[in-house]
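Here is what each chain is made of, one letter per residue.
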Amino acid sequence: MQAVARSMSADIDRIKDGYNNAIKRIANTSQLMKTVPLGDSGGCKTWYARLDKFLAWLETEVRMTFELKKRSVIVTALQTIYAKEVYHFPATYADRARALYERWESEGWHSGGGAGGGGLEGLELDDALVISNARWRARKESAAPAGGVKPGTIKLPPKEHYIWGMNGIMHGVAMKISDGNKKGTVFDPRYKRRSSKVHGHNGIAVGTWYPRQLVALFRGAHGHQQAGITGDEKTGAFSIVVSGQYDLLDRDRGEYLYYSGSHSHDNESPNEPAPSAPGTLALHTSLETGEAVRVLRSHTGKSRHAPSVGLRYDGLYRVVSVSRPKNAKGGLYEQFKLERMGEQGEINQFRPNAREIRQFGEINEINTSRWEILQQTAAGRADEEES
């Protein structure tokens with residue numbers, strides 16, 4: 001129990017440090033400048049480096065819980081980056097902060113987890129969703145609140161809606177109203193998502209575009225809302241998202257690309273790379289087996305092949321080699337080369353098309369006041385959601 005307490009305290013301190021020494025400094029500067037501060041403005045270069053490291057830590061190492069949310073400034077920190085109009089952050093950081101917040105919202109901040117707690121912690125995504133849908137169906141008739149929309153409400157879109165409905169670009173996810181009337185997205189509990197744990201196309205056409213990564217999860221294109229690699233050491237990688245996180249190290253040439261392992265920027269050892277995270281181990285396995293890996297490109301990438309918004313599935317690639325170059329700190333890191341497999345056609349630079357871009361801009365402008373609502377109880381916040 002003491003180790004858990006120390007770990008919680010350390011996480012609280014690190015979140016506070018990231019907020020005070022990176023986020024607040026950029027926020028205050030941007031408020032004075034009324035624009036996004038450039039990397040060479042004052043101490044901005046240092047602040048951005050701290051912010052990048054802080055977000056990478058949150059994305060890969062932190063298991064967010066309701067208790068950690070309550071005792072830390074994590075909500076304020078993330079919403080300062082993406083949700084407050086008086087502050088101005090680069091779009092890449094805003095997207096990462098929003099994705100983290102929505103990811104933890106969709107997990108219910110693990111409020112019902114723990115041994116015997118009735119939550120979904122420790123379950124695989126597919127198993128969690130089966131439980132989610134079963135619980136949702138059991139409570140559906142009595143779940144709606146008797147008053148206005150309250151925090152924890154999922155707004156279920158009409159099946160015929162042109163953006164959120166069965167044939168819309170957001171099909172498979174629903175809007176959730178959280179504390180402070182913030183809008184996020186979670187899986188629509190009326191539908192079963194496709195498993196992403198499949199090698200190959202998984203029934204997905206090359207060039208398919210997704211407005212949000214959560215939609216790509218629902219459709220089986222990728223298996224994580226935030227992580228860039230789906231897979232494990234035993235089975236290899238099923239898919240990767242090229243997001244530009246290690247853009248200074250990686251290169252994306254379309255037909256081939258270089259993809260760096262975890263902590264590539266941070267390692268300072270000239271003798272060995274940082275310990276391999278599960279995703280990095282998965283790529284090693286794919287190199288050995290030769291199994292195809294789905295590659296999705298995100299608009300956050302800097303390559304000319306990246307879509308203008310959202311994510312696009314660009315087909316199957318094979319991991320053909322791994323090297324160990326050095327980063328700016330002189331530390332080794334692992335970098336994988338992936339080559340696009342033949343007979344898939346050219347990368348579809350026309351997706352998203354004009355209609356999809358227009359609808360993408362309308363996603364958050366839709367009036368949802370008359371949509372069917374599902375009110376979640378405090379004890380079951382995670383029941384309809386999954387990571």
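All of the points below concern the structure found in this document. Being a predicted model, the structure only gives us computed values, none of them experimental.

A word on the overall build of the chain
What the chain contains, in helices and strands, is 9 helices and 11 strands. When the 387 residues of the chain are sorted by exposure, 50% land in the buried category. Restricting to contacts in the chain with at least 6 residues of sequence separation, those with at least 24 account for 67%. Accessible surface for the chain amounts to roughly 18200 Å². Of this, 50% is attributable to carbon and sulfur atoms.

Regarding the packing of aromatic side chains
Here the structure, examined in full by the defined rule, presents 7 aromatic pairs. When the ring centre of Tyr258 is taken as reference, the NZ or CZ atom of Arg251 above it lies at 4.3 Å. Lying across the ring of Tyr256, Lys337 places its NZ or CZ 5.0 Å from the centre.

Details of the pattern of salt bridges
As enumerated under the stated definition, the model contains 10 salt bridges in all. Between Lys70 and Glu67 there is a salt bridge whose closest N-O contact spans 3.6 Å. Within this pair, Lys70 and its partner Glu67 are both found in helix 3 (residues 66–71), separated by 3 residues, close to a single helical turn. On the basis of relative accessible area, Lys70 is assigned to the exposed category, the value being 58%. Two residues, Glu339 and Lys337, come together in a salt bridge whose shortest N-O distance is 3.6 Å. By relative accessible area, Glu339 is classed as partly exposed at 34%. Here the salt bridges share partners, and the residues they tie into one network are Asp252, Arg297, Arg312 and Asp314.

So, helix 4 (residues 74–82)
Residues that lie three or four places apart on an α-helix share one face, since the helix turns once every 3.6 residues. Burial analysis of helix 4 places 7 of its 9 residues in the buried class, which makes it a mostly covered element. Taken as a whole, helix 4 has its buried residues at Ile74, Ala77, Leu78, Gln79, Thr80, Ile81 and Tyr82.

Topic: the side chain of Arg96
Note on placement: Arg96 falls in helix 5 (residues 91–106). Side chain to side chain, Arg96 and Glu59 meet in a polar contact 2.8 Å long.

Considering unusual backbone geometry
That bond from Arg351 to Pro352 is cis: its omega, 5°, falls within 30 degrees of zero. In this fold, Pro352 is placed in the loop between strand 10 (335–340) and helix 9 (354–362). Phi at Lys34 takes a positive value of approximately 60°, unusual for a residue other than glycine. Look at Asn202: it is not a glycine, yet its phi comes out positive at around 60°. Along the chain, Asn202 falls in the loop between strand 3 (182–187) and strand 4 (209–210).

Concerning empty space enclosed by the protein
With the rule as written, the count across this model stands at 3 cavities of 30 Å³ or more. Each pocket or cavity is described by its volume, and for the largest cavity that value is around 60 Å³. Forming the boundary of the largest cavity are Gly261, Ser262, His263, Ser264, Asn267, Pro273, Ala274, Thr280, Leu332, Tyr333 and Glu334. When its residues are assigned to classes, the lining of the largest cavity shows 4 nonpolar, 6 polar and 1 charged.

With respect to the pairing of strand 1 (residues 153–156)
Neither face of strand 1 is left uncovered, since the one carrying Thr153 and Lys155 and the one carrying Ile154 and Leu156 both have all their residues buried. When strand 1 meets strand 2 (residues 173–178), the two strands line up antiparallel, connected through 3 bridges. Of the residues in strand 2, the one forming a bridge with Lys155 is Met175.

Conventions adopted
Residues numbered from 1 in each chain as written. Predicted model: local features only at pLDDT ≥ 70, side-chain atom pairs only at ≥ 80, totals over all residues. Heavy atoms only, no water. Helix = DSSP H or I, 4+ residues; strand = E, 2+ residues; numbered from the N terminus. Buried < 20%, exposed > 50% of the residue type's maximum accessible area, 1.4 Å probe, protein only. Contact = heavy atoms within 4.5 Å. Areas by Shrake-Rupley, 256 points an atom, 1.4 Å probe, with all protein chains shown as cover. Phe/Tyr/Trp six-rings, centres within 6.5 Å; stacked < 30°, edge-to-face > 60°. Lys NZ or Arg CZ within 6 Å of the ring centre and 35° of its normal. Salt bridge = Lys/Arg side-chain N within 4 Å of Asp/Glu carboxyl O. Polar contact = N/O pair within 3.5 Å; in protein donor to acceptor, adjacent residues only side chain to side chain. 1 Å grid on protein atoms, 1.4 Å probe; cavity = no way out; pocket = protein on both sides within 12 Å on 5 of 7 lines; lining within 4 Å. Points joined across faces, edges and corners; volume = space filled by probe spheres on them. Nonpolar A, V, L, I, M, F, W, Y, C, P; charged D, E, K, R; others polar. Pairing = 2+ DSSP bridges.

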